[in-house]
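The primary structure of each chain is shown beneath.
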Amino acid sequence: MQVLTIDIGGTKIAAALADQQGALSHYRTVSTPAQAGAPAVVAATIDLAREVCVASRADGLAPRAVGVGAAGALDPAHGVVVYAGETLPGWAGTALAAGLEAGLGLPVVVDNDVNALALGELHAGAGRGFADLLVVAIGTGVGGALVVDGVVRSGATHSAGELGHLVVEVNGGRRCNCGGHGHLEAYASGPAIVARYQERLGRSDAIDLRQVAERARNGEKLASDVIVEGARILGGALAGLICVLDPQAVIIGGGVADLGDLWWPALTAAVRANPLPGPAQVSLHPAQLGTRAVLVGAARLAQARFT
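Keep in mind that what you see is a predicted model, and the values were worked out from it rather than measured.

A few words now on the overall build of the protein chain. The helix and strand inventory of the protein chain stands at ten helices and twelve strands. Over its C-alpha trace the protein chain gives a radius of gyration of 19 Å, about what one expects of a compact globule, namely 19 Å for 307 residues. Counting only C-alpha atoms, the protein chain reaches 55 × 45 × 35 Å along its principal axes. Per-residue burial for the protein chain yields a buried fraction of 52% across its 307 residues. By element, 52% of the accessible surface of the protein chain is carried by carbon and sulfur atoms, the whole surface being about 13,100 Å². Averaged over its 21 positive side-chain charges, the protein chain has a centre that lies 3 Å from the centre of its 26 negative ones.

Bringing the pattern of salt bridges into the picture now. In this structure the tally under the stated criterion is seven salt bridges. A salt bridge links Asp-261 to Arg-217; the nearest nitrogen and oxygen atoms lie 2.8 Å apart. A residue pair is termed long-range when its members are at least 10 positions apart, and Asp-261 in the loop between β11 (249–253) and α8 (264–272) and Arg-217 in helix α6 (residues 209–217) qualify at 44 residues. Of the charged contacts, one joins Lys-221 and Asp-225 as a salt bridge, the two residues approaching to 2.7 Å between their closest N and O atoms. Within this pair, Lys-221 and its partner Asp-225 are both found in helix α7 (residues 221–245), separated by four residues, close to a single helical turn. Taken together, the shared-partner salt bridges connect Arg-196, Glu-199 and Glu-229 into one network.

A word on the environment of Glu-51. Here Glu-51 shows up in helix α1 (residues 38–58). Sequence spacing of Glu-51 and Ala-16 is 35 residues, and the spatial spacing of their C-alpha atoms is 9.5 Å.

For the pair α6 and α7, interaxial distance at closest approach is 7 Å and the crossing angle is 120°. In terms of axis orientation, α6 runs oblique to α7. Regarding α6 and α7, the two cross each other, and that crossing is left-handed. Of α7, the residues touching α6 (which contributes Val-212, Ala-213, Arg-215 and Ala-216) are Ala-223, Ser-224, Val-226 and Ile-227.

To continue, consider the sheet that holds β11. An order of β10-β9-β8-β11-β12 is seen for the five strands of this open sheet, with the pairing classed as mixed. In the strand order of this sheet, the two ends are held by β10 (151–153) and β12 (283–286), each with one partner. Taken over all neighbouring pairs, the strand axes of this sheet differ in orientation by 25° on average, direction set aside. Where strand β9 (residues 142–148) meets β10, three bridges bridge the pair, whose relative direction is antiparallel. Paired with Val-148 across the bridge in β10 is Val-151. Packed onto the sheet, helix α3 (residues 113–124) meets β8 (133–138), β9, β10 and β11 and runs at close to 50° relative to β9. Lying on the sheet, α8 is in contact with β11 and β12; it crosses β12 at an angle near 155°.

In contact at an axis separation of 9 Å, helix α5 (residues 190–201) and α6 are set at 60° when each is read in the N-to-C sense. Between α5 and α6, the angle is such that the two are oblique. Crossing handedness for the pair α5 and α6: left-handed. Each of Gly-190, Ile-193, Val-194, Tyr-197 and Leu-201 in α5 lies in contact with α6, whose residues at this interface are Leu-209, Val-212 and Arg-215. Split by residue class, the contact of α5 with α6 holds six nonpolar, one polar and one charged.

Take the sheet that holds strand β4 (residues 66–70) next. Taken together, five strands build an open sheet; the order of strands is β3-β2-β1-β4-β7 and the sheet is mixed. With one partner strand each, in any of the chains shown, β3 (24–31) and β7 (108–112) form the two edges of the open sheet. Across the sheet, the mean angle separating the axes of adjacent strands is 15° when strand polarity is ignored. Set on the sheet, α1 makes contact with β1 (3–8), β2 (12–18) and β3; between it and β2 the angle comes to about 30°. Most of the contacts of α3 go to β7, to which it runs at about 95°, and overall it touches β1, β4 and β7.

Parameters at a glance
- Throughout, residues of each chain are indexed from 1 in the direction in which the sequence is written.
- Since the coordinates come from a predicted model, pLDDT governs what is reported: local features require at least 70, and pairs of side-chain atoms require 80 or more to be given and counted, while whole-chain, interface and lining totals use all residues.
- Note that water and hydrogens are dropped before the side-chain values are worked out from all heavy atoms of the structure.
- Numbering of helices and strands starts at the N terminus; helices are DSSP runs of H or I of at least 4 residues and strands are runs of E of at least 2.
- Here the globule rule reads 2.2 Å times residues to the power 0.38, and the radius of gyration is calculated from C-alpha atoms.
- Note on exposure labels: buried denotes an accessible area under 20% of the residue type's maximum, exposed denotes more than 50%, and partly exposed covers the range between, all computed with a 1.4 Å probe on protein chains only.
- Only the protein chains shown count as covering a residue, and every accessible area follows the Shrake-Rupley method with a 1.4 Å probe.
- None of His or the chain ends enter the tally, which takes Lys and Arg as positive and Asp and Glu as negative.
- Taken as the charge location is NZ of Lys, CZ of Arg, CG of Asp or CD of Glu.
- For this analysis, a salt bridge means a side-chain nitrogen from Lys or Arg found within 4 Å of a carboxyl oxygen belonging to Asp or Glu.
- Note on geometry: axes are C-alpha line fits, over the in-contact stretch for helices, and angles between N-to-C directions span 0 to 180 degrees.
- Orientation labels follow simple angle bins: below 35 degrees gives roughly parallel, above 145 gives roughly antiparallel, 65 to 115 gives roughly perpendicular, and whatever is left gives oblique.
- It is the rotation of the near helix from the far one that decides the hand of a crossing: anticlockwise by less than a right angle makes it left-handed, clockwise makes it right-handed.
- Whether two residues are in contact is decided by their heavy atoms, any of which lying within 4.5 Å being enough.
- In this description, strands pair whenever DSSP reports at least two bridges between them.
- Residues are grouped as follows: Ala, Val, Leu, Ile, Met, Phe, Trp, Tyr, Cys and Pro are nonpolar; Asp, Glu, Lys and Arg are charged; all remaining types, including Gly, are polar.

Here's what the structure looks like:
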């Protein structure tokens, strides 16, 4: 069955057609009008999805359902966003499935984007062969998902695996990006690493994570140090989660994980520093599907629900 698959993020919306095997075609993308509010994001998603539908139908293909992976905590049973951070103002409370169904005339199933990523990696990526996984996405934010007995679990409040808001204290201090506590996301995400670099540099240069990484590869110690610092803090937090969850493997994706040898050795060492058997032995894997992961997982979500 052909399905329309959609990835709604804080900076980008992507859509494609997916076949039964998860192969994607007719890919389209657009910037997320996040600051314009939830109705504008839903409208932009509908417009993009219609582009994919028109292009696919011109090739004799017609989607029969829609699968969506979206930022925030979502209630798949009711198709509603139950929680969202500052990246998408006004997103919480959005009846996403109903809005898309009205605009597209197709049945819609929605879930959190990292849950969709986990589903994609479980069936078509680094998670194949495992039944119990912790899946982590480190990019603009820090997100996670749990796979137990081969099923992505959303938990009682649809927020299982959300490690970005774990309280973290480093060197007696806490960095805050929301609320009144220090959070892992404020130390380990891409923007957090850049902010730490600017802070230690003593000026607010217009720079992004890719440029910090380039400076590190060119031998700048400060750039290397802040990347390693973020990796170590994340690794320590993951070690604690591994002790609690005891997964067979941890899969890590996102733009920060793409820093490769600047980041992975420090992360791995921090996880292994915990002496308990889980952190010492669990296998750590980079995600394999890249930017396709959410789309592949959302497509599988739709095919499972509507086939």
